[in-house]
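Structural overview for review
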Amino acid sequence: MAQATFHFPRGFLWGTATASHQVEGDNTNNTWWAWEQEPGRIIDDHKSGRACDWWGGRWKEDFDRAAEAGQNAHRLSIEWSRLQPTPDRWDESSLDYYREMIQGLHERNMQPMVTLHHFSDPLWLAERGGWDNEAVVGYFEAYVRRVVEALKEYVDLWVTLNEPNGYITGGYVFGIWPPGKQDLGAAMRVMTNQVRAHAAAYKVIHSLQPGAQVGIAPNLRPMLPARRWSPLDRLVTTLQSNAFNEAFPRALHTGKLSFLTLRKNLPEVRGTQDFVGINYYSRDYVAFSPLKPAELFGRRFYHPEAELSSSGFIANEPRGLFDLVKWGLHFGLPIMITENGIEDAGDDLRRRYLIQHLHQLWRAVNFNLPVKGYFHWTLVDNFEWERGWTQRFGLWELDVETQVRRKRPSADLYAEICQTNGVSAEMVARFAPGLFPGMFPNF
Ligand code: FCB
């Protein structure tokens, strides 16, 4: 049998990623909680409820699990609505609690990466027009200042915004997330405000903590023309990819925002990234369709032969991760895989998905592409937005009622990867034997 091992660089960060609203529970003062109370918004009217009960203290046992499983980093997010429950009040006790959580990571030898905004907004902000009101730039800046002043001793890695492109698509294009709009004009204003808010946050963080590393975690979905020979397919593929994938990161790189019909010079946002974050789940094929004006006349679908997750939400397309890392190279910055994972309650596909994606990441590393870390989504099953509890992304399974966690086999696989800083042929043979011949031909 092949004895190969795919090694990662020394000091590589191995962790999982989580988000406040999805794990904490009882986030009653934010837009998602309100959204969940409206019938029909969430599959089967599921509610986040107690979620994974982190606010009740269960982060401790989950961090213990992560640490015992060899993870040396963790990405979590701060809930703005807890810190600033009303525009004129800062809740110091919740800041203290986050400090305790983050110290809890250090005590377990895990490096924190902290996200400042992961989809949920304070209700008071929504009442003032949310991200469609340009005042949000100042509000966000003030909130970020507060957090960084309190936590800078403990955190070097910051993510300002999680998936601003997903936030805009869900909330302002398809209307399936709060605030439930289908309004491209608003989408363009929100994009402008998010780009500016990011840059303002970047500057505040660096003024308080010059050595910090700051980035965003965009949702990146490589897109391929359904029929390569078709100029129309190629055109709509480029249009969609520009709008969804490229617009935001490119604005931070060049200071020029080009999104849908919007063209704006924003010189102050230029160069406001210290690393390139990549949330990668899957890639799409795009075909021209006159029936899809809101999607820039592109119909997106998965490759018909790709292996799909249980609900069809994700296609297992590991090569997309390699292509993205290569794409990330043109920014000339370190690269972090800020999210990657799959919903799979039965934990059969997850083992293959994990090995195949890490194999592609290892290939990238071997081309000397500067990948510094990988955060798997996610540690324990959590509340998955409009999909509620129907999708199970955890390395640990959660019984939402009893809050009991049960380890899935992938948790053991990931633990071995983290502990040895690599993926070995022997692990592949044990956890996903079907992959062996393809990964180690001629052995
Ligand atoms: C990403 C989100 C994250 C989680 C995963 C499955 O788009 O950032 O919160 O829902 O998808």
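Here the structure is shown first, and the text comes after it.
Conventions and cut-offs
Residues numbered from 1 in each chain as written. Predicted model: local features only at pLDDT ≥ 70, side-chain atom pairs only at ≥ 80, totals over all residues. Heavy atoms only, no water. Helix = DSSP H or I, 4+ residues; strand = E, 2+ residues; numbered from the N terminus. Rg over C-alpha atoms; globule rule 2.2 N^0.38 Å. Buried < 20%, exposed > 50% of the residue type's maximum accessible area, 1.4 Å probe, protein only. Areas by Shrake-Rupley, 256 points an atom, 1.4 Å probe, with all protein chains shown as cover. Lys, Arg positive; Asp, Glu negative; His and termini not counted. Charge placed at Lys NZ, Arg CZ, Asp CG, Glu CD. Phe/Tyr/Trp six-rings, centres within 6.5 Å; stacked < 30°, edge-to-face > 60°. Lys NZ or Arg CZ within 6 Å of the ring centre and 35° of its normal. Axes fitted to C-alpha atoms, helices over the stretch in contact; angles between N-to-C directions. Parallel < 35°, antiparallel > 145°, perpendicular 65-115°, else oblique. Left-handed = near helix turned anticlockwise from the far one by under 90°. Contact = heavy atoms within 4.5 Å. Nonpolar A, V, L, I, M, F, W, Y, C, P; charged D, E, K, R; others polar. Polar contact = N/O pair within 3.5 Å; in protein donor to acceptor, adjacent residues only side chain to side chain. Near = heavy atom within 4 Å. Core = buried A, V, L, I, M, F, W, Y, C linked by side-chain atoms within 4.5 Å. Salt bridge = Lys/Arg side-chain N within 4 Å of Asp/Glu carboxyl O. Pairing = 2+ DSSP bridges.

A few words on the overall build of the protein chain. Secondary structure assignment for the protein chain yields 15 helices and 17 strands. A compact globule built from 443 residues would reach a C-alpha radius of gyration of about 22 Å, and the protein chain, at 21 Å, matches this within 12%. By principal-axis analysis of the C-alpha atoms, the protein chain measures approximately 65 × 55 × 45 Å. In the protein chain, buried positions account for 61% of the 443 residues. Carbon and sulfur atoms provide 51% of the accessible area of the protein chain, an area that totals close to 16,900 Å². Within the protein chain, one finds 47 positive and 52 negative side-chain charges whose respective centroids are separated by 6 Å.

Enumeration over the complete set of coordinates arrives at 31 aromatic pairs. Look at Phe140 and Tyr143: their rings are 5.9 Å apart centre to centre, the planes differ by 45 degrees, and that puts the pair in the tilted class. A residue pair is termed a helical-turn pair when its members lie 3 or 4 positions apart in one helix, as Phe140 and Tyr143 do in helix α7 (residues 136–151) at three residues. Like Phe140, the residue Tyr143 is buried in the burial classification. The ring of Trp55 has Arg82 lying over it, and the distance from NZ or CZ to the ring centre is 3.8 Å.

Turning to the packing of helix α9 (residues 184–208) against helix α10 (residues 231–254), a few remarks are in order. Interhelical geometry of α9 versus α10 gives an angle of 40 degrees and a closest axis separation of 10 Å. Considering their axes alone, α9 and α10 lie oblique with respect to each other. Here α9 runs over α10; the crossing is right-handed. For the pair α9 and α10, contact is made by Met191, Gln194, Val195 and His198 and by Ala243, Ala247, Phe248, Ala251 and Leu252, respectively. Broken down by class, the residue content of the contact of α9 with α10 amounts to seven nonpolar, two polar and no charged.

Mapped onto the fold, Asn340 is located in the loop between β13 (335–339) and α12 (349–366). Looking at Asn340, its side chain comes within polar contact range of the side chain of Tyr374, at 2.6 Å.

Bringing the site of the ligand into the picture now. Taken together, 13 residues are adjacent to the ligand, and Gln22, His118, Asn162, Glu163 and Glu384 come closest. At a separation of 2.6 Å, an oxygen atom of the ligand approaches a polar side-chain atom of Glu163. A distance of 3.1 Å is found between an oxygen atom of the ligand and a side-chain nitrogen or oxygen belonging to Glu339. Residue composition of the shell around the ligand, by class: five nonpolar, five polar and three charged.

Proteins that are soluble and globular tend to have nonpolar side chains buried together. The biggest cluster of nonpolar side chains holds 123 residues, and the ones touching the most others in it are Trp131, Phe140, Trp158 and Leu361. Sort the elements by how many residues they give to this core and α9 lands first, with 14 residues. Aside from chain neighbours lying at most four places away, what touches Leu361 is Phe8, Phe12, Leu321, Val325, Ile337, Val371 and Tyr374. Core analysis: the second largest hydrophobic core is formed by 18 residues, Ala19, Leu157, Phe275 and Met336 among them.

We now examine the pattern of salt bridges. Think of it this way: side chains of opposite charge can pair up when their charged atoms draw near. Overall, the coordinates contain 33 salt bridges when judged by the stated rule. Taking the shortest distance from any N to any O, the salt bridge between Glu295 and Lys292 comes out at 3.8 Å. What makes Glu295 buried here is its relative accessible area of 19%. Since its relative accessible area comes to 30%, Lys292 is described here as partly exposed.

Once that is clear, we can look at helix α8 (residues 164–173). Within α8, ten of the ten residues are buried, which leaves it mostly tucked inside the rest of the structure. Residues of α8 that are buried: Pro164, Asn165, Gly166, Tyr167, Ile168, Thr169, Gly170, Gly171, Tyr172 and Val173. Looking at the residues trailing α8, positive phi occurs at Gly175, about 70 degrees.

The subject of this paragraph is the sheet that holds β13. Taken together, eight strands build an open sheet; the order of strands is β6-β5-β4-β3-β2-β14-β13-β10 and the sheet is parallel. Only two strands of the sheet have a single partner each, and these edge strands are β6 (213–217) and β10 (276–279). If you compare each strand with its neighbour and ignore which way they point, the axes differ by 25 degrees on average. Pairing geometry for strand β3 (residues 73–77) and strand β4 (residues 111–115), over five bridges, is parallel. Of the residues in β4, the one forming a bridge with Ala73 is Gln111.

In summary, the side chains of a regular strand alternate between the two faces of the sheet. Here β10 shows two buried faces, one formed by Val276 and Ile278 and the other by Gly277 and Asn279. By the bridge criterion, four bridges tie β10 to β13 in an arrangement that is parallel. Looking at the pairing, Gly277 lines up with Met336 of β13.

A few words now on the sheet that holds strand β11 (residues 284–288). Pairing in this open sheet of three strands is mixed, and the strands run β7-β11-β12 from one edge to the other. Bordering the open sheet on either side are β7 (223–225) and β12 (298–301), each of which pairs with just one other strand. Ignoring which end each strand starts from, the neighbouring axes of this sheet average 35 degrees apart. Here β7 pairs with β11 via three bridges, running parallel. The residue of β11 that forms the bridge with Leu224 is Tyr285.

A few words on the environment of Met110. For Met110, the position within the fold is in the loop between α5 (92–107) and β4. When its relative accessible area of 1% is taken as the criterion, Met110 is described as buried. Here the alpha-carbon distance between Met110 and Trp14, two residues 96 residues apart in the chain, equals 9.1 Å. In this structure, Met110 is in contact with Phe63, Ala66, Ala67, Gln71, Asn72, Ala73 and Leu105, ignoring residues within four places of it in sequence.

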